[in-house]
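Okay, here's what each chain looks like letter by letter:
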Amino acid sequence: MRNTHATELLFDLSQPGRRAAQFPTSDVPDRPLGDMIPDAFRRASHDHSLPELTESDVIRHFLNLSTLNMSVDTHFYPLGSCTMKYNPKRHERMARLPGMVDLHPYQRICDQQGMLRLLHDMQEMLAEIAGLPAVSLQPAAGAQGELAALLVASAWFRSRGETRTRVIFPSSAHGTNPASAAIAGFECVQLENTSDGLVDLDELETQLDDQTAVFMITNPNTLGLFETQIESIAARVHEVGGLVYIDGANMNAIMGVTRPGDFGGDMMHFNVHKTFTGPHGAGGPGAGPIAVRSELAEFLPGPVVTRITDDDGQPHFELETPSRSIGRVRSFFGNVGILLRGYCYLRTLGREGVREAARHAVLNANYLKALLADLLPAPFGQHCMHEFVGSASNLKDDRGITAMDVAKRLLDFGFHAPTIYFPLVVPEAMMIEPTETESKATLDAFAATLHEIAEEDLEFLHQAPHAAPVSRPNDVQAARQPILLWSPDDDTAEDV
Ligand SMILES: *Cc1c(COP(=O)(O)O)cnc(C)c1O
């Protein structure tokens, strides 16, 4: 199964005389290169020849390369925390309509009314799902949404003559939370979880004071558990004058069912590329709109789209920068291509459909959790939301099989690996998020494969994957050895 051809370079495939096209004989006199380029500018020692290939050589080469990656379109992709749900192709078609892609943001506002209306409606739909009235579509990713919202919080505190310094988050928080807080100039305070994987209220109590600016929390949290005490947590944060930030990356579990604004959140971000089927696209583009309470609205990054009713009763749409805006965080109106896909998703499903999708995501995760209860028991929580974190500790203790071995071996069976070794509070963590777009048959096949892997030869598993073009470049084993590219004692290159 190893696809060695695809890892060869075009230079390796080259055969003298092969051609993809034939040109008529040149009627321009053939002058030696030396006549045209002065000696000083020529690297005479180099072989400048290009690979010689037929068109089918080239097409096969690139098409084969394009199949080496796993994707949501080719494989089950249960990468916990990332919500790798299927991206409907109809959304791609909509986002590519000439009226969408040929529009230029420098065109006159009156020529952009259709797009502005669409973005305005997207703001409204997100506000409704958030339970928070003011939305900015500007941020280009969840992490940028976090940063933008924390800058909004900072500006709000300053406007009240306060300089609060601390942002608190639980230890299961996504790494972007402390990173955003630090970039926004706050001091980061981390809370340990309770033994059932939730925020420890007593510990939170010891950290809350008049320096608390924001409490950041993902709900459901990174263990796939709903923070049932969220209302009391929010109330305590508000009592000391702080704000509650809801990291909305896990909205897939609760969209249309409960709302951050209703359970105490003052601000949140959405990951349109997770929850609303925008493709993830190798680290970008994404869209991380933020929603905030009305008292924070005037600080939002701009522009935002506003709807105005003309004298004759007709609506039209304008771009407006909120009065005390923190400024722009992205060019123009944000990542419109991704927002359009999210818009299509929400309009296609409607209120009831969105709720149904969340319910299915939770059902699928609980079904898979039950199928794997013997093999990868989840130390936290009896039932989960849209994802669960199982532990391969038993496999490791009984047979020496690590989460890494299982993850690598899954690739041979055509399954993308779940997120592993995160969150850190679970040893040998395997964080599995099936999403609502997978069938029972796929979930059954995935669980059966995991059970099969657990019976395989240990050495064989340590060497996995066996069918992938590259084996383990980031193996924990290898990482323990110092990797020397160059040794200071002898200046020859060493093998890695
Ligand atoms: C993905 C994720 C983020 C960051 O979002 P990006 O769009 O990748 O920047 C933040 N928090 C959680 C819980 C996430 O899963």
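Residues numbered from 1 in each chain as written. Predicted model: local features only at pLDDT ≥ 70, side-chain atom pairs only at ≥ 80, totals over all residues. Heavy atoms only, no water.

J.: Talk me through the packing of aromatic side chains; I want residue IDs and the actual numbers.
T.: One pass over the full model with this rule turns up 8 aromatic pairs. Here a set of aromatic residues connected by ring pairs shows up, and it is made of Phe76, Phe415 and Phe446. A cation sits over an aromatic face here: Arg160 above Trp156, 4.1 Å from the ring centre. (Phe/Tyr/Trp six-rings, centres within 6.5 Å; stacked < 30°, edge-to-face > 60°. Lys NZ or Arg CZ within 6 Å of the ring centre and 35° of its normal.)

J.: An account of the site of the ligand is requested, with residue identities and associated values reported.
T.: Lining the immediate environment of the ligand, one finds 13 residues, of which Ser81, Gly142, Asp247, His273 and Lys274 sit closest. Between the ligand and Asn271, the relevant distance is 2.9 Å, taken from an oxygen atom to a side-chain nitrogen or oxygen of the residue. Contributions of two or more residues to the shell around the ligand are made by helix H7 (142–159) and helix H11 (272–275). Here the residues of the shell around the ligand sort into 3 nonpolar, 7 polar and 3 charged. (Near = heavy atom within 4 Å. Polar contact = N/O pair within 3.5 Å; in protein donor to acceptor, adjacent residues only side chain to side chain. Helix = DSSP H or I, 4+ residues; strand = E, 2+ residues; numbered from the N terminus. Nonpolar A, V, L, I, M, F, W, Y, C, P; charged D, E, K, R; others polar.)

J.: Please provide a residue-by-residue account of the sheet that holds strand E12 (residues 429–432), values included.
T.: Read from one edge of the open sheet, 3 strands run E10-E12-E11, paired in antiparallel fashion. Of all the strands in the sheet, just strand E10 (388–391) and strand E11 (419–420) have a single pairing partner and so form its edges. Two elements, E10 and E12, share 4 bridges in a ladder whose sense is antiparallel. Paired with Phe388 across the bridge in E12 is Ile432. Helix-sheet contacts for helix H14 (residues 403–412) involve E11 and E12, and the interaxial angle to E12 is about 40 degrees. (Pairing = 2+ DSSP bridges. Contact = heavy atoms within 4.5 Å. Axes fitted to C-alpha atoms, helices over the stretch in contact; angles between N-to-C directions.)

J.: I'd love a proper account of helix H8 (residues 176–183), names of residues and values included.
T.: Residues of H8 that are buried: Asn177, Ser180 and Ala181. Seen end-on, H8 carries its buried residues on one side only, within an arc spanning 100 degrees. Here the buried face of H8 lies against H7, strand E2 (166–170), strand E3 (187–191), strand E4 (212–218) and strand E5 (243–247). Downstream of H8 by one or two residues, Gly185 has phi in the positive range, about 95 degrees. (Buried < 20%, exposed > 50% of the residue type's maximum accessible area, 1.4 Å probe, protein only. Arc of directions from axis to C-beta.)

J.: Now, about helix H6 (residues 113–130): what can you tell me, with residues and values included?
T.: Taking 1.5 Å per residue, 18 residues should reach 26 Å; H6 reaches 25 Å between its end C-alpha atoms and fits that length. The buried fraction of H6 amounts to 13 of the 18 residues, a majority that puts the element mostly inside the structure. Phi for Gly131, located one or two positions after H6, is positive at around 70 degrees. (Expected span 1.5 Å × (residues − 1).)

J.: Quick rundown of the domain arrangement of the chain? Include the residues and the values.
T.: For the chain, the assigned domains read domain 1 (89–348) and domain 2 (357–467). For domain 1 versus domain 2, the distance between C-alpha centres works out to 31 Å. Across the contact, 23 residues belong to domain 1 and 20 residues belong to domain 2. Roughly 1400 Å² of surface becomes buried between domain 1 and domain 2 when both sides are summed, with 67% attributable to carbon and sulfur atoms. Taken together, domain 1 and domain 2 are joined by 0 salt bridges. At the boundary of domain 1 and domain 2, one finds 4 residue pairs in polar contact (both at pLDDT 80 or more). Taken together, the residues that form the side of domain 1 that touches domain 2 break down as 10 nonpolar, 12 polar and 1 charged. (Domains from an automatic or database assignment. Buried area = accessible area lost by both parts, 1.4 Å probe. Salt bridge = Lys/Arg side-chain N within 4 Å of Asp/Glu carboxyl O.)

J.: Can you break down the side chain of Asp405 residue by residue, with the values?
T.: Note on placement: Asp405 falls in helix H14. The contacts of Asp405, once residues within four sequence positions are left out, are Gly400, Leu461, His462 and Arg472.

J.: Account for the pairing of E2, naming residues and giving values.
T.: Regular strands show a simple pattern: their side chains alternate between the two faces of the sheet. Along E2, 5 of the 5 residues are buried, which leaves the element largely enclosed by surrounding structure. Burial along E2 is two-sided: the residues Arg166, Ile168 and Pro170 and Val167 and Phe169 are all buried. In this sheet, E3 lies alongside E2 in parallel orientation, the contact comprising 5 bridges. By the bridge assignment, Arg166 is partnered in E3 with Glu187. Crossover E2 to E3 through H8 is right-handed. Strand direction decides the pairing type here: E2 and E4, joined by 3 bridges, are parallel. The residue bridging Ile168 from the neighbouring strand is Phe215, located in E4. (Right-handed = clockwise from strand over helix to strand, strands pointing away.)

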